[in-house]
Protein chains: 2
Amino acid sequence: MNIRLFHARILTMEKHRPVFWGEVWVKDARIVYIGEADKLKAGMGKDFPEIRWDREVDCGGNLLMPGFKDAHTHSAMTFLRSYADDVPLQQWLQEKVFPMEAKLFWEDIYHFTKLAVLEYLTSGITSVFEMYLTPDAMGQACIDMGMRCVLTSGLNDFTSSVEQQEAEYLKWNKCHPLISYRLGFHSEYTCSKELLSGVAELARKYRAPVFTHLAETEAEVQGCLDRNGMTPAAFLDRLGVFDYGGGGYHCVYMTHHDMEIFKSRGLVAVTNPASNLKLASGIAPVAEYVRRGIPVAIGTDGPASNNCLDMFREMFLVSGLSKVREKDAASLDAEEVLAMATSEGARAMGLHDGDILEKGKLADLILIDLHQPNMQPIHNIPKNIVYSGSKANVRMTMINGRILYENGNFCLPEGEDAEEIYRKCEGIVKRIIYT
Amino acid sequence: MNIRLFHARILTMEKHRPVFWGEVWVKDARIVYIGEADKLKAGMGKDFPEIRWDREVDCGGNLLMPGFKDAHTHSAMTFLRSYADDVPLQQWLQEKVFPMEAKLFWEDIYHFTKLAVLEYLTSGITSVFEMYLTPDAMGQACIDMGMRCVLTSGLNDFTSSVEQQEAEYLKWNKCHPLISYRLGFHSEYTCSKELLSGVAELARKYRAPVFTHLAETEAEVQGCLDRNGMTPAAFLDRLGVFDYGGGGYHCVYMTHHDMEIFKSRGLVAVTNPASNLKLASGIAPVAEYVRRGIPVAIGTDGPASNNCLDMFREMFLVSGLSKVREKDAASLDAEEVLAMATSEGARAMGLHDGDILEKGKLADLILIDLHQPNMQPIHNIPKNIVYSGSKANVRMTMINGRILYENGNFCLPEGEDAEEIYRKCEGIVKRIIYT
């Protein structure tokens, strides 16, 4: 498909490049041209002697920008949305989450992941960093829906194995252009030392980064101190898990030494502010990470703990919670947070072709409606997006050059239908929870 | 207009009444019938022998519920949205807000209020409790847009007077069915003791409640302690300001004694969580208010400090911030928060006919789209709304029996047009800020 997006404001998310008026040309999965309209026309004859547009979209002065990167989620947990709320954390896990998860089949996870993908599209999320029980089901769901997905393993003492992870790693890193795979495991507190050493070995074998839940709660950190005499970050680093980089999800309770490890290893801190509020975990010291030069990305976490998959909410929270934590209204400005939600997120996930809008990069982009009252007046577009934006402003979501959501309607690959996915999921929920 | 809303799920917000399937009938400004479809039909012949529908709306199984009540805002501050962010509080006020406000004319406030009204409609907000410089301009803007508005005065040592407030009180409480007026003043720290005594006198004269900014920041409370040897709540109560009730906006820093005053006077605490984060003010002890039986309502505050006028964001924050403050994931459940945003808000604002959906009550209601992925599956509708809802779920907003927003389009009173309001506001912004 050749798609011309014209009459747009454009925010490439290149550092310090302001919004400009212009066009973006998309050919198959990639951006082939981006720039001011006049310059595009001047270069047209040479580069595209016979370009034929399948579609030309008048963007009406609205904003084209890179899609959001959801750097930590458990998509299939849609099935527990609004089922397991307002109870203490341990009760939530023991009574509500674990018993229900035990009833899940492969196909259930496939369908619940599709439900989550619908929501990502409405929120302008074009890639997700996905950890849940069955990577194969999640990968397949994303392929079928046209979603870009970086898989990782939820490996722990009860689920999966180092061998299975290696097989998944090899399969999913060359199976489909929408899917890639990073090494990972659930957490220090659900994995034996032997298992973690196995992961470290894999990391060394493939010189690959490793990702895991890390320092989400005070109790988790204390437990690791009790067991190992070290914080989770220090313990995992000592085992060699982070020899080739990677990062931690949550990172709410980090010591000075933990942050030094993150800085020296180039580890990314993936913050999940809504989930950390809703489960009463705490407020992560994101401004401190930024001061130290630790890369930060943003995740929604899964819909059982958040409960929505909405990067606008997360962006406001990253900034707002940092301001209140630091007692400084100037802490973490909107531009920084927008970078975390887009370019920094892409880098954290290894999507180096999806970080900014530029010729040759992946056509993973969104159109933000500025003709809505929450975007008016237009003093500063990044601030409008972070502080007053909402998913209602997402006019179009394009992944891999394909428009999947436009003007409130889904334009899914053949055979996929939103209402049918709702029905399917309702049926499974009925079986798992209400019978 | 006679409007029949059928094939709906209905959440009346009566206490402990669960969602049911049925219809709502609206005649002019009021609900004339509500209930299950069958029972309605049975009663139809007797009560409505010759009812003729101007419109019949198939709600498609979506949810009818009372509109949200924004219990504290400064609508016209839309003109500073995204202009004055990410700077420390005092610099924000002294360099960004006050100098620009000084340039505002009456008409400017009129147009900027209209811009805010557009945003309220998209977020399902059907009433606002409005404090800004010129109540007359704000009241007129709301009348012209069809918005319900409770005005109060921003009276302080530099703006307005007790006499002007009394005139406004008398005028706006019998001028138009959409508008009412409550006594109020800006804050303890911007009013002399004499001025406050004048307000207390007015309160006694009209046996009327009084509202004001209260205990928003630590510095404000400390200043009052230094000046008066008492906290703001105690000082104002001593002056007789709260003899007939009323309430405080923000209420972030309240002592045990302050809360006792609130409880014994029946004062309402209006919480503004997004603004309190963004200005680094703090996190209000809302769960403590609930434990003590102090009524709580929710406000967005103005768009210079929030920056959006979105009750979904506020509701999630009220619950999420309470959970993290109390270190208890069970703190402030969704049902409680939804009541604060609807029925409790209405009562705080004196809108006793707008609190719930019931025969005879005002037809201020909204239709929430459940056929979107963030509302699926449907385990629990109130939790879906509070934890995963967004303004994108607002399918219709009706105020005073009139549909003003539907399926993403505004249906404004004659002569009003959203794009024209944007243009007007951009022009004024250019004059005030950029020339």
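From a predicted model like this one, the values you see are computed outputs, not experimental measurements.

Quick look at the overall build of chain A
Of regular secondary structure, chain A possesses 16 helices and 17 strands. Taken against the 2.2 N^0.38 rule, which gives 22 Å for 435 residues, the C-alpha radius of gyration of chain A at 21 Å falls within 12% of a compact globule. With respect to the principal axes defined by its C-alpha atoms, chain A has extents near 65 × 50 × 45 Å. A total of 435 residues make up chain A; the buried ones form 60% of that total.

Overview of the sheet that holds strand β11 (residues 246–250) of chain A
Consider a sheet: its strands pair through backbone hydrogen bonds, and that pairing is either parallel or antiparallel. Residues and elements named next belong to chain A. Strand order in the open sheet formed by 8 strands is β6-β7-β8-β9-β10-β11-β12-β13, with parallel pairing between adjacent strands. Either end of the sheet is taken by a strand with one partner, and the two such strands are β6 (68–73) and β13 (296–298). For this sheet, the mean inter-axis angle between neighbouring strands, taken without regard to orientation, is 25 degrees. Direction of pairing for strand β8 (residues 148–153) relative to strand β9 (residues 179–187): parallel, over a ladder of 4 bridges.

A look at the interface of chain A and chain B
Tallying the contact residues gives 56 residues for chain A and 56 residues for chain B. Mapped by element, the contributors of at least two residues to the side of chain A that touches chain B are α2 (89–101), α3 (106–122), α10 (273–278), α12 (311–326), α15 (381–388) and α16 (418–433) of chain A. Sorting elements by how many residues they give to the side of chain A that touches chain B places α12(A) first, with 6 residues. For the side of chain A that touches chain B, the per-class residue count stands at 28 nonpolar, 14 polar and 14 charged.

Re the pairing of β6(A)
Residues and elements named next belong to chain A. Among the 6 residues of β6, 6 are classified as buried, and the element is accordingly described as predominantly covered. Of the strand pairs in this sheet, β6 and strand β7 (residues 125–132) are connected by 4 bridges, and their pairing is parallel. Bridging from a neighbouring strand, F68 pairs with I125 of β7.

Comments concerning the nonpolar core
Ranked by internal contacts, the top residues of the largest apolar core, which has 293 residues, are L64(A) and L64(B). Other than its neighbours up to four places away in sequence, L64(A) contacts L5(A), A8(A), I10(A), V24(A), C59(A), L357(A), L365(A) and L367(A).

Overview of the relation of the copies chain A and chain B
Superposition record for chain A on chain B: RMSD 0.0 Å, screw rotation 180 degrees, translation along axis 0.0 Å. Such a combination of turn and shift is consistent with a two-fold rotation axis. The C-alpha atom lying nearest the rotation axis in chain A is that of A392(A); the distance is 2.3 Å. Take the interface residues of chain A: 100% of them recur as interface residues in chain B, which is what a same-surface contact looks like.

As for the domain arrangement of chain A
Residue and element names in this part refer to chain A. When cut into domains, chain A gives domain 1 (2–66 + 354–410) and domain 2 (70–348). Each of domain 1 and domain 2 has a C-alpha centre, and the two are 29 Å apart. For the side of domain 1 that touches domain 2, the elements supplying multiple residues, two or more each, are α15, β15 (394–399) and β16 (402–406). Here the residues of the side of domain 1 that touches domain 2 are counted per class, giving 14 nonpolar, 5 polar and 5 charged.

Comments concerning the sheet that holds strand β7 (residues 125–132) of chain B
All names here are of chain B. A sheet is described by the order of its strands in space; here 8 strands give the open sequence β6-β7-β8-β9-β10-β11-β12-β13, paired in parallel fashion. Single-partner strands in this sheet number two, and they are β6 (68–73) and β13 (296–298). Adjacent strand axes in the sheet meet at a mean angle of 25 degrees, parallel and antiparallel pairs treated alike. Those strands touched by helix α5 (residues 162–172) are β8 (148–153) and β9 (179–187), and its axis lies near 160 degrees from that of β9.

Some thoughts on unusual backbone geometry
Cis geometry marks the peptide bond from N306(B) to N307(B); its omega dihedral reads 10 degrees. Assignment of secondary structure puts N307(B) in the loop between β13 and α12 (311–326). A cis geometry characterises the amide bond from Q376(B) onward to P377(B), with omega recorded as -10 degrees. Backbone geometry at H16(A) places phi at a positive 65 degrees, although glycine is not the residue there. Taking the number of C-beta atoms within 10 Å as the measure of exposure, H16(A) has 5 and is therefore exposed.

What to know about the pairing of strand β1 (residues 2–10) of chain A
All names here are of chain A. Note that β1 and strand β2 (residues 20–27) share 7 bridges and pair antiparallel. When the sheet's bridge partners are listed, L5 is paired in β2 with V24. The pairing of β1 with strand β4 (residues 55–58) spans 4 bridges and is classified as parallel. The residue of β4 that forms the bridge with L5 is V57. Across 2 bridges, the pairing between β1 and strand β5 (residues 63–66) is parallel. When the sheet's bridge partners are listed, R9 is paired in β5 with L63.

Some remarks on helix α16 (residues 418–433) of chain B
Residues and elements named next belong to chain B. With 16 residues, α16 extends 22 Å between its outermost C-alpha atoms, agreeing within 8% with the 22 Å of an ideal straight helix rising 1.5 Å per residue. Considered for burial, the residues of α16 that qualify are A418, I421, Y422, C425, I428 and V429. End-on view of α16: buried residues confined to an arc of 135 degrees, all on one side of the axis. Exposed side chains of α16 directed beyond 90 degrees from the buried face belong to E419, K430 and R431.

Quick word on α15(A)
An α-helical turn contains 3.6 residues, so any two residues separated by three or four positions project in the same direction. Residues and elements named next belong to chain A. In terms of burial, α15 is a largely internal element, 8 of the 8 residues being buried. Within α15, the full set of buried residues consists of I381, P382, K383, N384, I385, V386, Y387 and S388. At its buried positions, α15 is contacted by β5, α12, α13 (334–341) and β14 (365–368).

What about the confidence of the model for chain A?
Confidence in the prediction of chain A, expressed as mean pLDDT, is 95, and 97% of residues score 70 or more. Two numbers describe this predicted complex: its pTM, 0.97, and its ipTM, 0.96.

Description of the packing of α13(A) against α15(A)
Residue and element names in this part refer to chain A. In the contact formed by α13 and α15, the axes pass within 9 Å of each other and the chain directions differ by 75 degrees. As judged from the angle between their axes, α13 and α15 are roughly perpendicular. Taken together, the residues of α15 that come into contact with α13 (itself represented by A334, E335, V337 and L338) are P382, K383, I385, V386 and Y387. Here the residues of the contact of α13 with α15 are counted per class, giving 7 nonpolar, no polar and 2 charged.

Conventions we followed
Residues numbered from 1 in each chain as written. Chains lettered and ligands numbered in written order. Predicted model: local features only at pLDDT ≥ 70, side-chain atom pairs only at ≥ 80, totals over all residues. Helix = DSSP H or I, 4+ residues; strand = E, 2+ residues; numbered from the N terminus. Rg over C-alpha atoms; globule rule 2.2 N^0.38 Å. Buried ≥ 20, exposed ≤ 12 C-beta atoms within 10 Å, placed from the backbone. Pairing = 2+ DSSP bridges. Axes fitted to C-alpha atoms, helices over the stretch in contact; angles between N-to-C directions. Contact = placed C-beta atoms within 7 Å. Nonpolar A, V, L, I, M, F, W, Y, C, P; charged D, E, K, R; others polar. Core = buried A, V, L, I, M, F, W, Y, C linked by C-beta atoms within 7 Å. Least-squares fit on C-alpha atoms with pLDDT ≥ 70 in both. Domains from an automatic or database assignment. Expected span 1.5 Å × (residues − 1). Arc of directions from axis to C-beta. pLDDT = per-residue confidence, 0-100. Parallel < 35°, antiparallel > 145°, perpendicular 65-115°, else oblique.

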